[in-house]
Amino acid sequence: MQRREVIQAGVALGLGGWGAAAQAHHGWSSFDQDRPLYLEGRAANVRWRNPHVELVLEVPETLRLPADLAQRSLPAQTAAIDGPALLAKTVLPTRRDRRWEIELAPLFRLGQWQMPEIRNGTPLSVVGFTFKDEKGEAILRAEYLFLDGKTYGLRSSPA
C-alpha cells in the first residue's frame, strides 16, 4: 500500500469511528428537562471514553425514591442549576426497564471533579433526564451522580 492509500485508509477509519460516536450522542434538547428521574443500581458495560462516559445501570426490580434526596448536599458550583429544586421534583420513572443507558459528562470534566473511574459492579445512583414521556430507548442523561458518598454535578466544573 502506498503512503497516500495508508493516509486515506486512516482518515476513513477515523471518520468512521467519529461518525458512530456522533450517531450515539444525544444533545440536551432531546431530553425532557422538566421531569428529572432518579435511578440507582450497579454499573455494567462501562465505557470510560469521549465524547462522554457511558454505562449501563442495572436497576433492581424494586426501586424507591430516597427519603433524603431533596436534602442531599450539592456542590456549590452547581448553584446556577438550582439543584435543590431539581432534587425536590425528582421522580421515579414510570417505565420498568431493568437496564438503563446512562450518559455522564466528558472525561475532561470528570477528571476536573477527580471522580474515580467507575468499574463494572460499582453501586451508584443518578438524577437526570430521559426523553419526553419516557418514549424511546431507556437512556438517562445524568445531571447529578451519587458515588461513594459524594455528589458530582455533571454539567458544571469544580471551582
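What you are looking at is a predicted structure, and each value in this text was computed from that prediction instead of being measured.

Cut-offs applied
Residues numbered from 1 in each chain as written. Predicted model: local features only at pLDDT ≥ 70, side-chain atom pairs only at ≥ 80, totals over all residues. Heavy atoms only, no water. Core = buried A, V, L, I, M, F, W, Y, C linked by side-chain atoms within 4.5 Å. Buried < 20%, exposed > 50% of the residue type's maximum accessible area, 1.4 Å probe, protein only. Helix = DSSP H or I, 4+ residues; strand = E, 2+ residues; numbered from the N terminus. Contact = heavy atoms within 4.5 Å. Pairing = 2+ DSSP bridges.

Asker: Quick rundown of the nonpolar core? Include the residues and the values.
Answerer: Most often, soluble globular proteins keep nonpolar side chains buried together rather than apart. Of all hydrophobic cores here, the largest spans 25 residues; its most connected members are Leu39, Ile102, Leu104, Ile118, Leu145 and Leu154. Mapped by element, the contributors of at least two residues to this core are strand S1 (37-47), strand S2 (54-58), strand S3 (99-103), strand S4 (123-129) and strand S5 (139-147). At four residues, S5 tops the list of elements feeding residues into this core. Those residues within four positions of Leu145 in sequence are excluded, and the remaining contacts are Leu104, Met115, Ile118, Leu124, Ser125, Val126, Lys150, Thr151, Tyr152 and Leu154. Core analysis: the next-biggest nonpolar cluster, separate from the first, contains 11 residues, Tyr38, Leu86, Val127 and Phe146 among them.

Asker: So what's going on with the pairing of S4? Which residues, and what values?
Answerer: Of all seven residues in S4, six are buried, a share of seventy percent or more. The sheet contact formed by S1 and S4 spans six bridges and is antiparallel. Its bridge partner lying in S4, Gly41 is registered against Leu124. The pairing of S4 with S5 spans five bridges and is antiparallel. In the strand pairing of S5, Gly128 is matched with Ala142.

Asker: Residues and numbers for the pairing of S5, please.
Answerer: Put simply, side chains in a regular strand alternate between the two faces of the sheet. For S5, the buried fraction is high: nine of the nine residues fall into the buried class. In this sheet, S5 lies alongside S3 in parallel orientation, the contact comprising three bridges. By the bridge assignment for S5, Glu103 is matched with Arg141. Inspection of the sheet shows S5 paired to strand S6 (residues 150-153) by four bridges, in the antiparallel sense. Note that in S6 the partner of Phe146 across the bridge is Thr151. In this structure, the hairpin formed by S5 and S6 is closed by a connection of two residues, where Asp148 is found at a positive phi of approximately 50°.

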